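Overview (structure and organization)
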Amino acid sequence: MVNLKTKGIILFIAGTALFSSSADARRVRETGEIVAFNNVGIIGDIKETLEIWEEALKSAPDNVFIIHRIGSLYHKLGTELLKGNTDLVFKAIGNFQKARSWLKKAIAINPDHPSFHYSLGVVERDLGNFDAAEKSFKKAIALDKDNIETGYILAVTYCDQQKLEEALAQLNWIISIDPSHAPALFLRGTVKLMLLTNNKLTEIEAESGVDDLKLAIRLSPRLREELPAELVEIFIEDE
């Protein structure tokens, strides 16, 4: 059995950002790092598409699917702007706020559509409103209990708030349904190791976290790039 603590990987992982689909957006927001701005064409296309949908809404002002689409496009526009330079961060946040307003309007018209709550949760999370995001994802799951992708981003949102035990329970549920869900396995492995640092798991229990990471990487080799150097060393020793 690998001695996790003597390998020095636990403190490294405890201070490492968790695997997240919006890592680029978070990095720009938190560090002000400048990312190569090569998506001008994409932004132009999104704006043109927005104009088309906003024009269509004039003839069908209560069409909830058009409203949802507009909200999703504003979120997409904000996401692309965050890939640009730091001068665009406030514009990006403004688009996220517009997206939230449109998505809330869609939910007011049809509160029983799970994808509307999911979309709102994604926007709230990108705005850093993790509690609101959590509530939206839970509502989406209540309306569509078998949607494990919503369950996965809820687990990530738990991790954003350091609710590691809730995240572990959520990931266990996802993996019970889909044992080959590589991102969930990778995140569960990370969460188990983080719980070890908080003395919420024993070292023997946390050992299964390394097994989760190994299986995740076998299923999706690109995840190996997410590993810290100490874990790569362990993997080489065990191969």
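What this report covers is the structure whose coordinates are included nearby. On a predicted model such as this, the values are computed, not experimentally measured, just so you know.

Each helix and strand counted, the protein chain has 12 helices and 0 strands in total. The secondary structure elements of the protein chain, listed N-terminal to C-terminal, are α-α-α-α-α-α-α-α-α-α-α-α. Across the 239 residues of the protein chain, 45% fall into the buried class. Intrachain contacts of the protein chain at a sequence separation of at least 6 include 60% that bridge at least 24 residues. Within the structure as shown, the protein chain displays about 12000 Å² of accessible surface, and the carbon and sulfur contribution to it stands at 54%.

Once that is clear, we can look at helix α6 (residues 114-126). Under the 1.5 Å per step criterion, the end-to-end length of α6 is 19 Å for 13 residues, consistent within 8% with the ideal 18 Å. Counting buried residues in α6 gives 10 out of 13 residues, a clear majority hidden from the surface. Residues of α6 that are buried include every one of Phe116, His117, Ser119, Leu120, Gly121, Val122, Val123, Glu124, Arg125 and Asp126, and no others. Backbone geometry just after α6 places Gly128 at a positive phi near 85°.

Let us look at the pattern of salt bridges. Applying the stated criterion to the full structure yields 9 salt bridges. With a closest N to O distance of 3.2 Å, Lys58 and Glu55 form a salt bridge. Note that Lys58 and Glu55 are positioned in helix α3 (residues 40-59) at a spacing of 3 residues, about one turn of the helix. For Lys58, a relative accessible area of 61% corresponds to the exposed category. In this structure, Lys192 engages Asp212 in a salt bridge whose closest nitrogen and oxygen atoms are separated by 3.1 Å. Of this pair, Lys192 sits in helix α10 (residues 182-197) while Asp212 sits in helix α11 (residues 203-219); the two residues are 20 residues apart in sequence, bridging distant segments of the chain. The same class applies to Lys192 as to Asp212, namely buried. What you see here is one network of salt bridges that share partners, running through Glu134, Lys138 and Lys163.

Moving on, we come to the nonpolar core. By size, the foremost hydrophobic cluster in this structure holds 36 residues, and its most contacted members are Tyr152, Leu171, Leu187 and Val191. For this core, the secondary-structure elements that each account for two or more residues are α7 (130-143), α8 (148-160), α9 (164-177), α10 and α11. A per-element tally of this core places α10 first, with 10 residues. When neighbours within four sequence positions are excluded, Leu171 is seen to be in contact with Tyr152, Ala155, Ala184, Leu187, Arg188 and Val191. In this structure, Ile43, Leu57, Val64 and Leu77 belong to the second largest nonpolar core, which totals 25 residues.

Calculation rules
Residues numbered from 1 in each chain as written. Predicted model: local features only at pLDDT ≥ 70, side-chain atom pairs only at ≥ 80, totals over all residues. Heavy atoms only, no water. Helix = DSSP H or I, 4+ residues; strand = E, 2+ residues; numbered from the N terminus. Buried < 20%, exposed > 50% of the residue type's maximum accessible area, 1.4 Å probe, protein only. Contact = heavy atoms within 4.5 Å. Areas by Shrake-Rupley, 256 points an atom, 1.4 Å probe, with all protein chains shown as cover. Expected span 1.5 Å × (residues − 1). Salt bridge = Lys/Arg side-chain N within 4 Å of Asp/Glu carboxyl O. Core = buried A, V, L, I, M, F, W, Y, C linked by side-chain atoms within 4.5 Å.

Functional significance is not addressed by these values, which are geometric in nature.
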